[in-house]
Every structure is written in C-alpha cells, then in structure tokens.
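# Close look at the chain arrangement
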Amino acid sequence: MSEEVNKYSADSIQALEGMEHVRMRPSMYIGDVGVRGLHHLVYEVVDNSIDEALAGHCDTIEVTINEDNSITTKDNGRGIPIGIHKKEGVSALEVVMTKIGAGGKFDKDSYKVSGGLHGVGVSCVNALSDSLKATVFRDGKIWEQEYERGKTLYPVKSVGDTDITGTVVTFLPDRSIFQQTTEYNYDTLASRMRELSYLNKGIKITLTDKRNVDEKGDFVHEVFHSEEGLKEFVKFLDGSRNPIIEDVISMEGEKNEIPVEVAMTYNDSYVENLHSYVNNINTHEGGTHLSGFRRGLTSTLKKYADASGMLDKLKFEIAGDDFREGLTAIVSVKVGEPQFEGQTKTKLGNREVTSAVSQAVSEMLENYLEENPNDAKRIIQKVILAAQARHAAKKAREMVQRKTVMSIGGLPGKLSDCSEQDPALCEVFLVEGDSAGGTAKQGRDRNFQAILPLRGKILNVEKAMHHKVFENEEIRNIFTALGVTIGTEEDSKALNISKLRYHKVVIMCDADVDGSHISTLILTFFFRYMKELIENGNIYIAAPPLYLVKKGAKKRYAWNDDQRDQIVNEFGDNSKIQRYKGLGEMNAEQLWDTTMNPDYRTLRKVTIDNLAEADHVFSMLMGDEVPPRRKFIEDNAVYANIDA
C-alpha cells in the first residue's frame, strides 16, 4: 500500500456541519429514510404550527398533499420573524430554515412548551427536500424565500402586501434521500392530524389530497377539530367496545406548574389501553407521567374499594394490573424541558412529573367516585373479576413454561427447529395448517429456518379472558417455540423477550380470505401480548404468489392480477395460468423459490406508526361491535376478492 493511500492525518477528518450532516446522516435526525421518515418531515413542519397554537397565536392549520407528492402546510400564526438576525447577519427566516437547532422554541419567552422530538425542526426538512419554499405573512407584507436541498436561492424578499399573518411552507422530498418512496400515504397523515386535534382541542386541522377526488369530484378532504379534547379521543378509541360506566372521566388542570390532562373510561374487554403524550409526542415507552397515572389510579381505587367493603370476601390481594383491566386512558402533559430516555427516546424521565400526574388523577377520581356511586361499584366489580382471572391466568402461564413429557427440551412437538444457535440469524415460520407446514419443512433451509404449523384459526384474544388465552394450545406453542415468557411477581403482564429464539418471526398463510383472517388473528395476538416484538421489528408477513403463468419451458410467478396480465401479454397466446388458493398447492421447491428464499422472497415487516390508531383498528376488527367493522370493510374492500 502506498504511503499516500495509507496517510491518516488531521486533514483526513471531515467536519460536516449543519445541513451537510443532515444529508449525510438523515436517519440520525428523522429515524429512517423509509416510509416513516418521509412522513416525519410533515410532522416536523406541522409541529411548528402547533407550537404557535400552544402559545395562543394560531387556531387553524391546513395540510395539503399536492399532485406531485409535495406537501404544503399553512397556519394563521404570527409568521416566522423576517428581521435581520444579529449574530448571523441574515433574515431570521433564513436562519430558521438553514441552521440546525435554530428556532423560537429554544427561547422560553417565546414558547413555554413545544412539540417535536429532536428539536431539528423545519431546517432538517429543508435539508432533505429537493426544493422548499417559505412564504411568511407578517407586518403587512408577504415575504418569500426558496431553497434547493437546504441552500438558499435568493435572499428573503417582499412580494406583496397583506392584512393577514401566518406561514406557508411547501416542500418536495429529495428522491436521492428517500429512495424507497416519496409517495405520501393519506391515511397515515390523517391519523396523525386526528391525534393532534384531540391533543390540542379547539384547533382546526384540515388535510386535503389533491391526488384523489371523491364521488362528488372534489379533492379528498377531512377536517379534524375537537372541542372536548382527550374526552373525545377516548370515545374514538373505545367506539367499538362496550362501556361499563356511563361517561368518560376527564380532568384538565395544572399541578406544580405542569399542565396535566387525563381522560379515561372502563369497558368490558380484558385488555388495558394506556396512551401517553408529552408535548404531543406519543411516549409509547411510557415514563414518569405514566407511573404517576398508575400510582394515582391504583391508590385511589384501592382506598375506595377497601372503604366500600366489596373486597372483604376476596381471599387474595388485589394487584395493580387488576385496576387497569378494561381501562382505556390517555395522559397528556406539557413539560417545558422534557428529558427523554429509552431506546427510541420516547420515555419521559422528568421525576417531578410523577407527583404532578398522581395528584391530578387522585383528585379527579375521588370526586368522580363520590359523585357516581353506581359507576364506582361497576368499576370495583370489574377489578374483582380481573383479580380472579389473573389467578387463573397465572396457573395457565405456568403450563406454558412447564416442560412436558411430550416435548423435547421444552419445545412444542410440532416445531421443526433449525440447527443455527444464534437467534439473530434464525427465523421461524408460523404456517397455516399441517399440509402447508409439511411442504414448508421440505422446502426450508434447515440451517436457519424453523417451521411451526398452526392448526386452523387461533383464538381471538381480543374477546378472550387472559387465562383462556394461555390455555389455548396453539398460543402456548407460539410462546414456547419463541422462548418468550410472560408475567412476574411485580407485573403479571410483563413480557420477557431476552431469550427470544428467533429474531425474525414470519406469519405465512394462504393468499385467500381465510388466510387473511388467520394472519389478522395472529397479528392481534402479537399486538396485545407481544407488542415489543412488533416495535423491535421482529414480526413479518410472508407474501406467497397468487399465480403461476407457464408457456412451454417459460414460467413466471405473479403476486397480483396486474402482474399476471403483464406476464400473459409477454408470453402471448396459449399461456397457462395456475391460481394458488393455498400454500399446500405449491410443492416444496416452488414454496422455497417464491416465499422462503431470502434472495428472492418478499417479506412485509409489521410496524406501528400510530399506536392509538392501531389499537382502535384492532378493537374494531376483532371486537364484538359489528356496525363499525362492516363500515370499515365497505370503505376498504375495493381490492378484496371473494373466493368461490
């Protein structure tokens, strides 16, 4: 190796600053450069408008998806300042748009609290956009500046007069950064805008999609506006569940100078749905505000239950989990300087928040229980039933973890394991039926692929008590095969995935209506009992082909009707089409080639973009209420095929 090539000196160190660093390492700023990161750009811009609303200067936000997949956001706030920045010597607008970490949200005189997780804001969006245009309505003038990939094209200039205030930002994501896709998903954006409207009551947020029109010929359009805030949010989440109390319990106030808003209700389900937010950020890892809520809830209900005498005949202690079964609750706090912890920086660490939320919840519940004795009685009865079910579930869990004579090394007899010992290199296929399972066993690579056949449709865990879930043989087999345990003395629902035996869990079902139903049942189970596996990116869905098109020695697989028609056109007349109605119709070689071979297969990773929305959808699809499920199917059945 030459001396020149091997030279490593001070000149070798690259000091990338600001926008260059964002473009070089975009995932550090927005999480990833896939679908999630693409949509995060919109959230960053909207967060600026929400900050204006939190400061009391904005009540209307408009978001538009344009024909070219660019995004336009508009608000009626004060408008970004356009005066000359003393330190930088250019317009404050240019500073905000081109300097990482610049913005009024760091000035506590301008914003007491602000949204946005990383504080990078619109400048990060500018850096990752092919083009961006900022228009500011302020001081009676219309001001404008444009940028390309974060660099200014001209100084801020006045282009007209106005009698309104506000900011308009239009940006087009850079295809060289977002190589997977630059196409925005309307439903994903709608979910977040709906969430923001509930979290910030009184604000009107509109979302318009200029790529699509409705039956009237108008652009697809929705308005999100909530007068009751979290109370309406809880009603939305519990829309397909049966309530056991008459109304949503809610409060809004300030404790220790921390604004706290809480809404909660109880239903007859067996799951707990707690959603927490800090400055509009969904803290799905929880934190001190959630700890405060649980402390206030448990102590207040326990005190009431003891005083009522309803626990006198109970032969065992009530646990904290028992007070939260069938509970749907949302906790939202506004913190001036939030400290985030956890793997994804969505766990609140501010200790002072715990007591503030705990006090607020205790006062709210004490007043409600005293004023609504009938509801109070129904809640305590639900708690007692939960405690009884917990004891039954504990025995059922022990069955999951107990080694039996019929299983070798504690593994299910049906499991065909792989020889690789490193979980990071192993994958397991949950296969619908013994027939397809047999084919998969023959076609797999035994070194790193395991097969677990599931018999028929597993239990719908959305409508089952916990002990029934753990008594179900197929679910026990999944727990045992994965090496995952559930339940500790401290938390009967805590999941231990430290001994997860496969880091890739693939749901492989038939490409028909029954297969889709089974996939949904399995996904419901993972969402309710192993959510961490979804959040960690361990769950996938296989995509077997629908068709095999052959003509002579030529053959191609198709995953949809359009691909089938395209192949038929290429092959010409006399092409033969085989429709696969199930995995069992493929031989081992075909299943390997199309669905299991890592070099050619398509796997869809299961992710959760919006936890509250996911909870709502699962409860609607798998719960007892038929009307909302029927409407969902009617609205989304455009591409559904009814098998004969």
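Residues numbered from 1 in each chain as written. Predicted model: local features only at pLDDT ≥ 70, side-chain atom pairs only at ≥ 80, totals over all residues. Heavy atoms only, no water.

To continue, consider the pattern of salt bridges. If you walk through the whole model with that rule in mind, you get 33 salt bridges. Note that Arg324 and Glu272 form a salt bridge whose closest N and O atoms lie 3.3 Å from each other. With Arg324 in the loop between helix 8 (288-308) and strand 14 (327-333) and Glu272 in the loop between strand 11 (258-266) and strand 12 (273-278), the pair connects residues that are 52 residues apart, well separated along the chain. Glu272 gets classed as partly exposed once you look at its relative accessible area, which sits at 22%. In this structure, Arg564 and Asp565 form a salt bridge, with 3.0 Å as the shortest nitrogen-oxygen distance. The network of salt bridges with shared partners includes Arg23, Asp130, Arg149 and Asp174. (Salt bridge = Lys/Arg side-chain N within 4 Å of Asp/Glu carboxyl O. Helix = DSSP H or I, 4+ residues; strand = E, 2+ residues; numbered from the N terminus. Buried < 20%, exposed > 50% of the residue type's maximum accessible area, 1.4 Å probe, protein only.)

Within the fold, Thr73 resides in strand 2 (residues 71-75). Ignoring anything within four residues of it in the chain, the contact list for Thr73 reads Val45, Val46, Glu62, Val63, Thr167, Val168 and Val169. (Contact = heavy atoms within 4.5 Å.)

It is worth spelling out helix 18 (residues 611-622) at this point. Taking 1.5 Å of rise per residue, 12 residues should cover 16 Å, and helix 18 covers 16 Å from first to last C-alpha, within 8% of that figure. Counting buried residues in helix 18 gives 10 out of 12 residues, a clear majority hidden from the surface. Burial in helix 18 covers these residues: Leu611, Ala612, Glu613, Ala614, Asp615, His616, Phe618, Ser619, Met620 and Met622. (Expected span 1.5 Å × (residues − 1).)

So, about the nonpolar core. In terms of nonpolar packing, the biggest core is built from 47 residues, with Phe479, Leu482, Ile522, Phe525, Phe526, Met530 and Ile539 touching the most fellow members. Considering every element that reaches this core, the biggest residue donor is helix 14 (residues 513-529), with eight residues. Residues within four places of Ile539 in sequence aside, it is in contact with Val505, Ile507, Leu523, Phe526, Leu533, Ile534, Arg604, Lys605 and Val606. Residues Val46, Ile80, Ala134 and Phe224 belong to the second largest nonpolar core, which totals 46 residues. (Core = buried A, V, L, I, M, F, W, Y, C linked by side-chain atoms within 4.5 Å.)

With that settled, the discussion passes to the sheet that holds strand 18 (residues 449-454). The five strands are arranged 18-17-21-22-26 in an open sheet whose pairing can be described as mixed. Because the sheet does not close on itself, it has two edges, and the strands there are strand 18 and strand 26 (603-605). For this sheet, the mean angle separating the axes of adjacent strands, direction not counted, is 25°. Along the sheet, helix 13 (residues 473-482) makes contact with strand 17 (427-432), strand 18 and strand 21 (504-508), crossing strand 18 at roughly 165°. (Pairing = 2+ DSSP bridges. Axes fitted to C-alpha atoms, helices over the stretch in contact; angles between N-to-C directions.)

Before going further, it helps to examine the packing of helix 8 against helix 9 (residues 352-371). Relative to each other, helix 8 and helix 9 sit at 35°, their axes nearing to 7 Å. As for the relative orientation of helix 8 and helix 9, their crossing is right-handed in sense. Taken together, the residues of the contact of helix 8 with helix 9 sort by class into nine nonpolar, 10 polar and three charged. (Left-handed = near helix turned anticlockwise from the far one by under 90°. Nonpolar A, V, L, I, M, F, W, Y, C, P; charged D, E, K, R; others polar.)

Here we come to the pairing of strand 18. Across the six residues of strand 18, six count as buried, placing the element largely inside the fold. Residues Gln449, Ile451 and Pro453 of strand 18 are buried on one face, and the alternating residues Ala450, Leu452 and Leu454, pointing to the opposite face, are buried as well. Bridge count for strand 17 against strand 18 is six bridges, and the pairing is parallel. Paired with Glu427 across the two strands is Gln449, which belongs to strand 18. As for the winding sense of the linkage, the β-α-β connection from strand 17 through helix 11 (residues 434-443) to strand 18 is right-handed. (Right-handed = clockwise from strand over helix to strand, strands pointing away.)

Notably, Arg149 is not glycine yet its phi reads approximately 50°, a positive angle. Tracing the backbone shows Arg149 in the loop between strand 4 (141-148) and strand 5 (151-152). Owing to a relative accessible area of 38%, Arg149 belongs among the partly exposed residues under this scheme. A positive phi is found at Asn574, a non-glycine position, where the angle reads about 70°. Among the structural elements, Asn574 can be located in the loop between helix 16 (561-571) and strand 25 (576-579). The class of Asn574 is exposed, set by a relative accessible area of 69%.

Before going further, it helps to spend a moment on the packing of helix 11 against helix 17 (residues 588-596). Taken N-terminus to C-terminus, the directions of helix 11 and helix 17 make an angle of 80°; their axes are 8 Å apart at the nearest point. Considering the angle they form, helix 11 stands roughly perpendicular to helix 17. In this structure, helix 11 uses Thr439, Ala440, Gln442 and Gly443 to contact helix 17, whose residues at the interface are Ala588, Leu591, Trp592 and Met596. (Parallel < 35°, antiparallel > 145°, perpendicular 65-115°, else oblique.)

What follows is about the packing of aromatic side chains. Taken as a whole, this structure holds eight aromatic pairs when the rule is applied. Geometrically, the ring pair formed by Phe233 and Tyr277 is tilted, given 6.3 Å between the ring centres and 40° between the ring planes. Of the two residues, Phe233 sits in helix 7 (residues 230-237) while Tyr277 sits in strand 12, which places them 44 residues apart along the sequence. Residue Phe233 is classed as buried on the basis of its relative accessible area, which comes to 3%. Judged by centre distance (6.1 Å) and plane angle (20°), the ring pair of Phe525 and Tyr529 falls under stacked. Of this pair, Phe525 and Tyr529 both sit in helix 14, four residues apart, roughly one helical turn. Of the two residues examined, Phe525 and Tyr529, each falls in the buried class. Ring pairs connect the aromatic residues Phe470, Phe479, Phe525, Phe526 and Tyr529, which therefore count as one cluster. For Lys531, the ring lying beneath its charged end belongs to Phe527, and the centroid distance is 4.9 Å. Sitting over the face of the ring of Tyr547, Arg579 holds its NZ or CZ atom 5.7 Å from the ring centroid. (Phe/Tyr/Trp six-rings, centres within 6.5 Å; stacked < 30°, edge-to-face > 60°. Lys NZ or Arg CZ within 6 Å of the ring centre and 35° of its normal.)

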